[in-house]
Amino acid sequence: MEEKKKLEFRGGMAMSLIPVLIYVGFCVTLFIGFKAFNMEALAVGGFLGLLVGGIFCKSYTKYWDSAIKGISSITSVSVVVILLLVGMFSQMIKTSNISGGFVWLANAIGIKGGLFVAFTFLTTCIVSTATGSSIGTMFIAFPIFFPAGSILGANTMWLAGSIVSGAIFGDNLAPISDTTIASASTQQFQDGTPADVGGVVTSRLRYSAVAGIISLILFGIVGGIGGTYQGGAIEAASNPASLVMLIPVVIMLAVSTKTRNIYLGILVGLGLGTVVGLISGLFGMSDVFANDPANNAAVGFLVSGINGILPTVALVISVFGIMGVLNDAGMLDYVAEKILNSKAGQTQTGAELLCMAGISATTILFGGVTSASILTFGPILNKIGSAKNIHPYRRANLLDGTANSLPAIVPFMSTFVFIGAALTGMSPLAVAGGTIYAFALFFTFLFSVLTGWGRKNEK
């Protein structure tokens, strides 16, 4: 068979990285220059990178053929479809205002100081796992838990860190998280089938549980040091009945992991959640789907869920286009071969360590936008892991776990830290320093790589 002809660039294969460099430039400008986070702007960076990068290719037509091939790949289409479905479920949970129910619970029990910080971490983990959105969780949790914790004697640095930590926990573990979907979809079995989300989440639980338990204990110990208890009751932002929405969340998670079919899990969770929410009075039919005659528009969490996830979908499409170009240019194979042919890359342990370094560097360069970094480095890890016979579940866990750990909270170059600092008025260093879970998760995976704990070969 004739070998597939790769894209040729003026100035050599290195010029195929122009779209990546333009995207990184947008990240730096957005986070450091504008001090803002906007998913639509990141998508603009990706598409402009594609447009400009084609100028350096010897054939602009073949260049875009490669970009479209990447966008239309089974992996890309799967990620886009799942994200659109997840958007509706996530918005339903947000509409029910489940966080307010947890604040009511903490106040009813009388939790304060370090225990409130630990409680906040645990609660935020539940919310982020339920919504599958780390960014959305932070915008939900900070306005509710941060003022309450400040009154109840929590140290503000650890309190802010506990919220960011809980948001990252769900981003790493939730079967409906964009990073979980991306990490699973980019890792393929030998027959080319992408790793199933349910199997990935089931095998990932051990790492998240270890890092989560360590974080919970540490937050409970240090969370109240230096805090000032002001006394008084905290009025919850919602009816405690919102906690009933935990039922569809748990069932959705159970169905997704048991059947290893994320589509079935979302169907069951969305249907049951709508019924439970309507019966309990947490929202009405107009909050589900209704007509807004004043604006000639349809409204409700089904519509807003789709609208809210579209910027992420646009970013995913642009990144897959860039991956299509890098793949046909031979850049992905080049990087994978360099790692595999290196002295350290001769063993599974060495290859995994090099991959952790590569994932970390990519995530830092992408400003902590973990979905983009996972989609970018995922194909490289897939080639390396497949050559070393490392199971796709293991690869997906290493990819997502590393991206959502220390590289995601680098001060002044992190989406998570920026949002935490903006919502609290604290310095980025304080927010990053208090994010214990990111530290715990990184060292959990480092231990796993060095000892081989959890490593499984593909049969």
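Thresholds applied
- Residues numbered from 1 in each chain as written.
- Predicted model: local features only at pLDDT ≥ 70, side-chain atom pairs only at ≥ 80, totals over all residues.
- Heavy atoms only, no water.
- Salt bridge = Lys/Arg side-chain N within 4 Å of Asp/Glu carboxyl O.
- Helix = DSSP H or I, 4+ residues; strand = E, 2+ residues; numbered from the N terminus.
- Buried < 20%, exposed > 50% of the residue type's maximum accessible area, 1.4 Å probe, protein only.
- Axes fitted to C-alpha atoms, helices over the stretch in contact; angles between N-to-C directions.
- Parallel < 35°, antiparallel > 145°, perpendicular 65-115°, else oblique.
- Left-handed = near helix turned anticlockwise from the far one by under 90°.
- Contact = heavy atoms within 4.5 Å.
- Nonpolar A, V, L, I, M, F, W, Y, C, P; charged D, E, K, R; others polar.
- 1 Å grid on protein atoms, 1.4 Å probe; cavity = no way out; pocket = protein on both sides within 12 Å on 5 of 7 lines; lining within 4 Å.
- Points joined across faces, edges and corners; volume = space filled by probe spheres on them.
- Patch = residues over 30% accessible without salt bridge, like charges linked within 9 Å, V, L, I, M, F, W, Y side chains within 5 Å.
- Areas by Shrake-Rupley, 256 points an atom, 1.4 Å probe, with all protein chains shown as cover.
- Phe/Tyr/Trp six-rings, centres within 6.5 Å; stacked < 30°, edge-to-face > 60°.
- Polar contact = N/O pair within 3.5 Å; in protein donor to acceptor, adjacent residues only side chain to side chain.
- Core = buried A, V, L, I, M, F, W, Y, C linked by side-chain atoms within 4.5 Å.

Q: Before we go on, may I ask you to explain the pattern of salt bridges in this structure?
A: Counting across every chain of the model gives seven salt bridges. Of the charged contacts, one joins Asp 400 and Arg 204 as a salt bridge, the two residues approaching to 3.1 Å between their closest N and O atoms. Highlighted residues: Asp 400 in helix α18 (residues 392-403) and Arg 204 in helix α10 (residues 197-222), separated in sequence by 196 residues. As far as burial versus exposure is concerned, Asp 400 and Arg 204 are alike and both buried. Connected through salt bridges with shared partners, the residues Glu 352, Arg 394 and Arg 455 form a single ionic network.

Q: Which parts of the structure should I look at to understand the packing of helix α9 (residues 178-185) against α18?
A: Pairs of packed helices are described in terms of their axes, by the angle between the two and the distance that separates them. Two numbers describe how α9 lies on α18: the axes approach to 8 Å, and their chain directions differ by 140°. The angle between α9 and α18 places the two elements in the oblique class. The way α9 lies across α18 gives a crossing that is right-handed. Residues Thr 179, Thr 180, Ser 183 and Ala 184 of α9 pack against Ala 396, Leu 399 and Asp 400 of α18. By residue class, the composition of the contact of α9 with α18 is three nonpolar, three polar and one charged.

Q: What's the story with the environment of Leu 83 in this structure? I'm lost.
A: On the secondary structure map, Leu 83 appears in helix α4 (residues 74-95). For Leu 83, a relative accessible area of 1% gives the class buried. Separated by 316 residues in sequence, Leu 83 and Leu 399 have C-alpha atoms that sit 19 Å apart. If we ignore the near neighbours within four places in the chain, the residues touching Leu 83 are Asp 178, Ile 181, Ile 309, Thr 312, Val 313 and Val 316.

Q: Could you clarify how one ought to interpret α9 in this entry?
A: For the α-helix, the turn length of 3.6 residues means that residues three or four positions removed from each other point alike. The buried fraction of α9 amounts to eight of the eight residues, a majority that puts the element mostly inside the structure. Where α9 is concerned, the buried positions are Asp 178, Thr 179, Thr 180, Ile 181, Ala 182, Ser 183, Ala 184 and Ser 185. Elements that come into contact with the buried residues of α9 comprise α4, α8 (156-173), α10, α14 (301-329), α17 (370-387) and α18.

Q: Before we go on, may I ask you to explain empty space enclosed by the protein in this structure?
A: Taking a probe equal in size to a water molecule and rolling it over the atoms shows the remaining empty space. Applying the stated criterion to the full structure yields two cavities of 30 Å³ or more. Its boundaries defined by the atoms lining it, the largest cavity holds a volume of some 40 Å³. Contributing to the lining of the largest cavity are Val 20, Tyr 23, Val 319, Ile 322, Phe 366 and Thr 376. Its residues assigned to classes, the lining of the largest cavity shows five nonpolar, one polar and no charged. Taken as a whole, the second largest cavity holds about 40 Å³ of empty space. If you trace the second largest cavity, you find it lined by Ala 351, Glu 352, Cys 355, Leu 381, Ile 384, Gly 385, Ile 390, Arg 395 and Leu 398. Secondary structure elements with two or more residues in the lining of the second largest cavity: α16 (348-365), α17 and α18.

Q: How should I be thinking about the side chain of Ser 360 in this particular structure?
A: In this fold, Ser 360 is placed in helix α16. Given the relative accessible area of 13%, Ser 360 is considered buried. The contact partners of Ser 360, leaving out residues within four places of it in the chain, are Thr 402, Pro 407 and Phe 442.

Q: Sorry if this is basic, but what is going on with the layout of surface pockets here?
A: By volume, the largest pocket amounts to about 520 Å³. Lining the largest pocket are 32 residues, with Met 39, Ser 133, Ile 135, Ile 309 and Thr 312 sitting closest to its centre. When grouped by side-chain class, the residues that make up the lining of the largest pocket number ten nonpolar, 18 polar and four charged. Of the pockets and cavities examined, the second largest pocket occupies roughly 380 Å³. Within the residue set of the lining of the second largest pocket, elements represented by two or more residues are α3 (60-71), α4, α14 and α17.

Q: Looking at this structure, I do not really get a nonpolar patch on the surface. What am I missing?
A: On the surface, a cluster of nonpolar side chains totalling about 710 Å² of accessible area is made up of Val 210, Ile 213, Ile 214, Ile 217, Leu 218, Ile 221, Phe 447 and Trp 453. For the nonpolar patch, the element with the highest residue contribution is α10, accounting for six residues. Structurally, Val 210 can be placed in helix α10.

Q: Can you walk me through the packing of aromatic side chains in this structure?
A: To describe a pair of aromatic rings, one takes the distance between the centres and the angle between the planes. Scanning the entire structure with this criterion turns up 14 aromatic pairs. Relative to Tyr 63, the ring of Phe 9 has its centre 6.3 Å away and its plane inclined at 80°; by these criteria the two rings are edge-to-face. Of this pair, Phe 9 sits in the segment before α1 (18-33) while Tyr 63 is found in helix α3, placing the two residues 54 residues apart along the sequence. We classify Phe 9 as buried; its relative accessible area is 6%. Accessibility expressed as a relative area gives 0% for Tyr 63, which makes it buried. Measuring from ring centre to ring centre gives 6.4 Å for Phe 447 and Trp 453, while their planes differ by 55°; the resulting arrangement is tilted. Look at Phe 447 and you get partly exposed, because its relative accessible area is 48%. Here a set of aromatic residues connected by ring pairs shows up, and it is made of Phe 9, Tyr 60, Tyr 63 and Trp 64.

Q: Hey, could you run me through the side chain of Arg 395 in this one?
A: Looking at the element boundaries, Arg 395 is found in helix α18. The buried category is assigned to Arg 395, whose relative accessible area is 2%. One polar contact links the side chain of Arg 395 to the main-chain carbonyl oxygen of Ile 390, over a distance of 2.9 Å.

Q: Help me understand the nonpolar core, please; the structure alone is not making it clear to me.
A: Where a protein is soluble and globular, its nonpolar side chains tend to be buried together. In this structure, Leu 42, Phe 145 and Leu 315 are the most contacted members of the largest nonpolar core, which totals 135 residues. Per element, the largest residue contribution to this core is twelve residues, and it comes from α14. Ignoring sequence-local partners within four residues, the contact set of Leu 42 consists of Tyr 23, Cys 27, Leu 30, Phe 31, Phe 37, Leu 315 and Val 369.

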